[in-house]
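This is what each chain is made of:
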Amino acid sequence: MPYTSELKKLIKIVEKTRPERVERKKRGEEFPAMSLSEREKILKYHPDFKEEGRSEIKVGPNKGYRIANEMVELLHAKSRVNPDLIHLSRIDYETDVLVIGGGGAGTAAALMAQKTGVKVLIATKLRHGDANTMMAEGGIQAATKNQKDSIYYHYLDALGGGHFRNDPDLVETLVTEAPKVMAWLENLGAMFTKFEDGRMKSLHGGGTSRKRMHYAGDITGAEIMRTIRDEARNYPNDIKVLEFSPAVELILNDQGACGGAVLYNLETEEYIVVKAKATVLATGGSGRLHIQEFMTTNHYGATGDGLIIAYRAGVPIKFLHTVQYHPTGAVFPEQAEGLLITEKFRGAGANVLNIDGEQFVYEREPRDVEAAAFIRECTVRGKGVPTPTGKFGVWLDSPMIDILNEKGTVRREFPGKWILFHRYGIDITQEPMLVYPTLHYQNGGLEINRKGETVVPGLIVGGEVSGGVHGENRLMGNSLLDVMVYGRIAGETAAAYARKQFKDGKLTLNHVKRYNKALQDSGIDLDGRVAPMILPDYSNPDVRKKQLTTDYTGTLR
Amino acid sequence: MGNRAVKPKKTVSKSKDSSEKRVPIFIMGKKYEVPESLTIQKALEYAGFQLIRGCGCRGGICGACGTVYRFPDSYRIEVGLACQTVVEPNMYITQIPFFPANKATYDLEKLEPTGSTVMALYPEIFKCVGCGTCTRSCPMDIDVMEYISLAIRGDIAGAAELSFDCVMCGLCTARCPAEEAQYNVGILTRRLYGRHIAPRAKHVAESVENIQKKRFDKGLKTLKSMNLESLKRLYNDREIEPDMADEFWEPEDKKYIIVQ
Ligand SMILES: Cc1cc2nc3c(=O)[nH]c(=O)nc-3n(C[C@H](O)[C@H](O)[C@H](O)COP(=O)(O)OP(=O)(O)OC[C@H]3O[C@@H](n4cnc5c(N)ncnc54)[C@H](O)[C@@H]3O)c2cc1C
Ligand code: SF4
Ligand code: SF4
Ligand code: FES
């Protein structure tokens, strides 16, 4: 759908203020960035600070912790399957390392484990690679430009972005491993965007002090994901993949260690027992929980399953009280709603504007600050741009990019977005985009140490499902990096555990029974809820009402 | 059994105003009436399907939702990604969420970036009859036939460049009379290019060496042992590379910069 005539009128206002804004930008005059204390003030408009959006967890290792209602509901839900019905003595698959989740972290883990000679089984919910990693556009941070940058600054930026709450050890490992990850990916043949002499191009992201965001066109995550997936497929005997088989429960053994997982075959609807010497949990994020009804950028399977099953097994969670809303999600046209408009547009010079075509915030504040500023502009100051479906947005002035650089820059640097909007009859080299914050990233997650280990021996965690690396707020480009760094580490740790530390024991699901019992005893109204969610429920409720003979367990038939 | 979904949210039809105009579409030949502004993917859900196959990113990049369709009065087979294509009246739709394709295994390091490498791994590439069906079948508007012929001619860089936007949906493969696995050829050329043709990033190798030689250990140790107040001050005052600075910009403070 092209812009309506009402919106076209409003775009005229943007065009009017554009020449002067371009001139200012050229002179290096930016809209003033906020001080730390100003940031603190504006953050009260951030959804994280809405008390009615959160509630207290009543069971498990983080009893008393207040996080988003949608997550608490899943933690306050019973297992999908009665643990007594699962025959743990009938093992369907046995492997050295089980990797749960075939996204970036899981695949990197599989590759590193394979290198050491162990056998790997990847169990994943959708297809291998259908994951948030595939969707990352903007880039991956690493301090590789030695004349201007170093891991010292990378560390400082990550910490400042995370409100200085990040686990310092985890950040140290993140930034120290970063250049090695870039070298690894270059060796695997990932096509990063380069200058003719081989230097990788790099840009700013929100909260970076140096341009250290490396990228592959505007499909950085896809390029990384398809490259490592292709590499994993080069070892069909060592790395086996079970698709459409999400994990629904971890299995422990009588030594207190993780002994594998129960999977659910989404197609044949049977439960499967996998026994493993070590298990890597890399199930990614949870955008599809639609916290506070926000739209999301995440893939279909991002329902936070890993959090739930590991929490039941006793792994504490961290920093889940903060959720990242990407400031720039598309709000128009409706078909593209929630879709991410990469931060690189702002990095490349596009201003953010209200209905009067005026700037109201510096474009490269950290994400939480930027998002809060948009929300305030639309909901408190009433300067949002109304959409035909009754929502509000602010302008992201993409045409500036061509003017500031040269004609053709937008099409060259953002081919994916150009085509997308072009299909809807919008030319983003001429017309600005309408954006609003969208649910994007699970800042927190399961507690790990710098080797990816958890409190459960043999259970290793990496990627978005973990918490601590980014503190209360992740910077763009540090997540793809996190996934590569801690995915690789998880694979190495798991392989070493499988070889040296693993002790066989009787498999049990007693922890699940205990958790179910604790829920029962807590007096929470369980209301028949089950978790993990596996897939969001987007089918038509009117149709469901007529499915008179169909039973649903949670969202699934 | 009373097992209720954890609060169903954001269901497609709820967000749809019931007054919106509906259009008929035919899902695998069967008629459904759906709101006209939906994508094929949301229309399937609106019709009552719960997607398991054929849905991944919902954002046009994972290639899970390859879809073919046709209109009653036309012989043409059209293609699209279900998550990106808006329904049109009287579409006959089917998804092709999976199509088997040959994938060669290899050790990238040992390969040469030449046409003969591609031919050795994918000998069927010779059988291409140049019919152009793949190009017409690509929802990403990639000239698939051309990247295949570039690969045959040994122009690895060209094939890599041209296939860069491939989402590996497999629609080209599904329709190829010569049974090619175009997208696997595509990624082979891209990896060959990235590994063996594109000039290496020396700065990356240097930064790895800096780390291996532990040249930053002192700086990081200082940061890690600093109290919150000083850390905040340091952060607030850190020198920021200007937006418009060029590649070779250098900061004033070089204390924690290491150039070899
Ligand atoms: C649109 C978008 C753009 C982004 N852009 C950037 C960017 O520019 N830079 C950046 O650094 N970061 C970016 N991010 C964030 C980053 O991509 C993700 O945080 C990161 O890729 C997560 O990787 P992961 O391996 O932890 O999870 P994923 O890549 O999501 O992989 C998790 C996998 O686990 C599977 N899974 C889930 N549950 C189960 C289960 N129960 N059993 C088995 N398998 C399961 C999923 O299906 C999926 O395949 C972006 C994210 C999105 C959504
Ligand atoms: S469809 Fe097959 S035979 Fe036809 S041009 Fe493409 S690769 Fe060649
Ligand atoms: S080249 Fe083939 S696999 Fe790739 S996007 Fe086009 S049709 Fe899909
Ligand atoms: S669902 Fe991923 S491309 Fe459509």
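Residues numbered from 1 in each chain as written. Chains lettered and ligands numbered in written order. Predicted model: local features only at pLDDT ≥ 70, side-chain atom pairs only at ≥ 80, totals over all residues. Heavy atoms only, no water.

So, about the overall build of chain B. For chain B, the helix and strand inventory stands at 10 helices and 5 strands. If one aligns the C-alpha atoms of chain B with their principal axes, the spans along those axes are about 70 × 55 × 45 Å. Buried residues in chain B amount to 52% of all 260 residues. Taken as a whole, chain B presents about 12,400 Å² of accessible surface, with 53% of it coming from carbon and sulfur. Considering chain B, the positive charge centre built from 37 side chains and the negative charge centre built from 33 side chains are found 9 Å apart. (Helix = DSSP H or I, 4+ residues; strand = E, 2+ residues; numbered from the N terminus. Buried < 20%, exposed > 50% of the residue type's maximum accessible area, 1.4 Å probe, protein only. Areas by Shrake-Rupley, 256 points an atom, 1.4 Å probe, with all protein chains shown as cover. Lys, Arg positive; Asp, Glu negative; His and termini not counted. Charge placed at Lys NZ, Arg CZ, Asp CG, Glu CD.)

This part covers the domain arrangement of chain A. Residue and element names in this part refer to chain A. Taken as a whole, chain A is organised into domain 1 (5-30 + 324-440) and domain 2 (79-128 + 137-323 + 442-508). Contacts between domain 1 and domain 2 engage 29 residues on the former and 28 residues on the latter. Together domain 1 and domain 2 conceal approximately 2,500 Å² of surface at their shared face, both sides included; 52% is due to carbon and sulfur atoms. If you sort the residues of domain 1 by the area they bury against domain 2, Q324, K344 and L439 come out on top, with a joint share of 29%. Taken together, domain 1 and domain 2 are joined by 1 salt bridge. Inspection of the region where domain 1 meets domain 2 yields 16 residue pairs in polar contact (both at pLDDT 80 or more). Of all the secondary-structure elements, those providing two or more residues to the side of domain 1 that touches domain 2 are β14 (324-330), α10 (344-347), α11 (367-380), α14 (415-423) and β18 (433-441). Among the elements that make up the side of domain 1 that touches domain 2, the one with the highest residue count is β18 (5 residues). Classifying every residue of the side of domain 1 that touches domain 2 gives 12 nonpolar, 8 polar and 9 charged. (Domains from an automatic or database assignment. Contact = heavy atoms within 4.5 Å. Buried area = accessible area lost by both parts, 1.4 Å probe. Salt bridge = Lys/Arg side-chain N within 4 Å of Asp/Glu carboxyl O. Polar contact = N/O pair within 3.5 Å; in protein donor to acceptor, adjacent residues only side chain to side chain. Nonpolar A, V, L, I, M, F, W, Y, C, P; charged D, E, K, R; others polar.)

All names here are of chain B. Here chain B is described as being made up of domain 1 (2-9 + 21-95) and domain 2 (108-197). For domain 1 and domain 2, the distance between their C-alpha centroids amounts to 29 Å. Listed per partner, the contact involves 12 residues of domain 1 and 10 residues of domain 2. Together domain 1 and domain 2 conceal approximately 740 Å² of surface at their shared face, both sides included; 71% is due to carbon and sulfur atoms. Here domain 1 and domain 2 share 0 salt bridges between them. Joining domain 1 to domain 2, the criterion identifies 0 residue pairs in polar contact (both at pLDDT 80 or more). Only β3 (66-70) and β4 (78-81) provide two or more residues apiece to the side of domain 1 that touches domain 2. When the residues that make up the side of domain 1 that touches domain 2 are grouped by side-chain class, the tally is 6 nonpolar, 5 polar and 1 charged.

Attention shifts here to the packing of aromatic side chains. Each aromatic ring pair is described using two quantities: the centre-to-centre distance and the angle formed by the ring planes. All names here are of chain A. One pass over the full model with this rule turns up 14 aromatic pairs over all chains. The interplanar angle of 75° and the centroid separation of 5.1 Å between the aromatic rings of Y152 and Y153 together place this pair among those described as edge-to-face. On the accessibility criterion, Y153 (5% relative accessible area) is buried. Taking the centre distance of 6.2 Å and the plane angle of 35° together, the rings of Y300 and Y538 count as tilted. (Phe/Tyr/Trp six-rings, centres within 6.5 Å; stacked < 30°, edge-to-face > 60°.)

With that settled, consider the interface of chain B and chain A. Contact residues are listed per partner, giving 96 residues for chain B and 115 residues for chain A. Carbon and sulfur atoms make up 55% of the area that chain B and chain A hide from each other, which totals about 9,700 Å². Connecting chain B to chain A are 13 salt bridges. For D157 of chain A, the salt bridge goes to R238 of chain B, with nearest N and O atoms at 2.6 Å.

Before going further, it helps to spend a moment on the nonpolar core. Judged by nonpolar contacts, the single largest core of 235 residues is most densely connected at I140, L185, W395 and M484 of chain A. Looking at which element gives the most residues to this core, the answer is helix α15 (residues 478-501) of chain A, with 12 residues. Counting residues in each nonpolar core, the second largest holds 20 residues, with A143 and V175 of chain A together with I211 and L231 of chain B among its members. (Core = buried A, V, L, I, M, F, W, Y, C linked by side-chain atoms within 4.5 Å.)

Residues and elements named next belong to chain B. The 5 strands lie next to each other as β2-β1-β5-β3-β4, forming an open sheet whose pairing is mixed. Looking along the sheet, the strands with just one partner apiece sit at the ends: β2 (30-35) and β4. Each strand of the sheet is rotated relative to its neighbour by a mean of 35°, with strand direction disregarded. Bridge count for strand β1 (residues 22-27) against strand β5 (residues 91-95) is 3 bridges, and the pairing is parallel. If you follow I27 over to β5, its bridge partner there is I93. Of the strands in this sheet, β1, β2, β3 and β5 touch helix α1 (residues 40-47), which is tilted by about 110° from β2. (Pairing = 2+ DSSP bridges. Axes fitted to C-alpha atoms, helices over the stretch in contact; angles between N-to-C directions.)

So, about the site of ligand 3. Surveying the vicinity of ligand 3 reveals the residues C138, P139, M140, V144, Y147, C166, V167, M168, C169, G170, C172 and Y183 of chain B. Tallied by class, the residues present in the shell around ligand 3 amount to 11 nonpolar, 1 polar and no charged. (Near = heavy atom within 4 Å.)

All names here are of chain A. Mapped onto the secondary structure, L250 falls in strand β10 (residues 247-253). Note on L250: relative accessible area 0%, which makes it buried. Through-space distance from the C-alpha of L250 to that of I100 is 9.9 Å; in sequence the pair is 150 residues apart. Residues within four places of L250 in sequence aside, it is in contact with I100, C258, G260, A261, T279, I309, A310, A313, L459, L509 and H511.

Attention shifts here to the sheet that holds strand β6 (residues 140-141) of chain A. Residue and element names in this part refer to chain A. Here 3 strands make up an open sheet; going across it, the order is β6-β8-β7 and the pairing antiparallel. The strands lining the two open edges of the sheet, one partner per strand, are β6 and β7 (202-203). In the sheet, β7 pairs with strand β8 (residues 213-214) via 2 bridges, with the strands oriented antiparallel. Note on β8: the bridge partner recorded for L203 is M213.

We now examine α14 of chain A. Residues and elements named next belong to chain A. Among all positions in α14, only K417, W418, L420 and F421 are buried. Axial view of α14: buried residues confined to an arc of 165°, hence all on one face. Contact partners of the buried residues in α14: β14, α10, α13 (409-413) and β18. Positive phi appears at G425, one or two residues downstream of α14, with a value of about 80°. (Arc of directions from axis to C-beta.)

All right, on to the site of ligand 1 then. Residues and elements named next belong to chain A. Around ligand 1 lies a shell of 39 residues, among which T133, A247, E464, S479 and L480 are the nearest. Take T133: an N or O atom from its side chain is 2.5 Å from an oxygen atom of ligand 1. Contacts to ligand 1 include R474, whose side-chain N or O atom sits 2.9 Å from a nitrogen atom. Its free accessible area being 1,000 Å², ligand 1 has 99% of it covered by the protein chains.

The packing of two helices is summarised by the inter-axis angle and the distance between the axes. Where helix α6 (residues 151-161) of chain A contacts helix α9 (residues 217-225) of chain B, the axes come no closer than 9 Å and their chain directions differ by 20°. Put simply, α6 of chain A runs roughly parallel to α9 of chain B. Judged by the twist between their axes, the crossing of α6 of chain A over α9 of chain B is right-handed. Side by side, α6 of chain A and α9 of chain B meet where I151, Y152, Y155 and L156 of chain A of the first sit next to G219, L220, L223 and K224 of chain B of the second. (Parallel < 35°, antiparallel > 145°, perpendicular 65-115°, else oblique. Left-handed = near helix turned anticlockwise from the far one by under 90°.)

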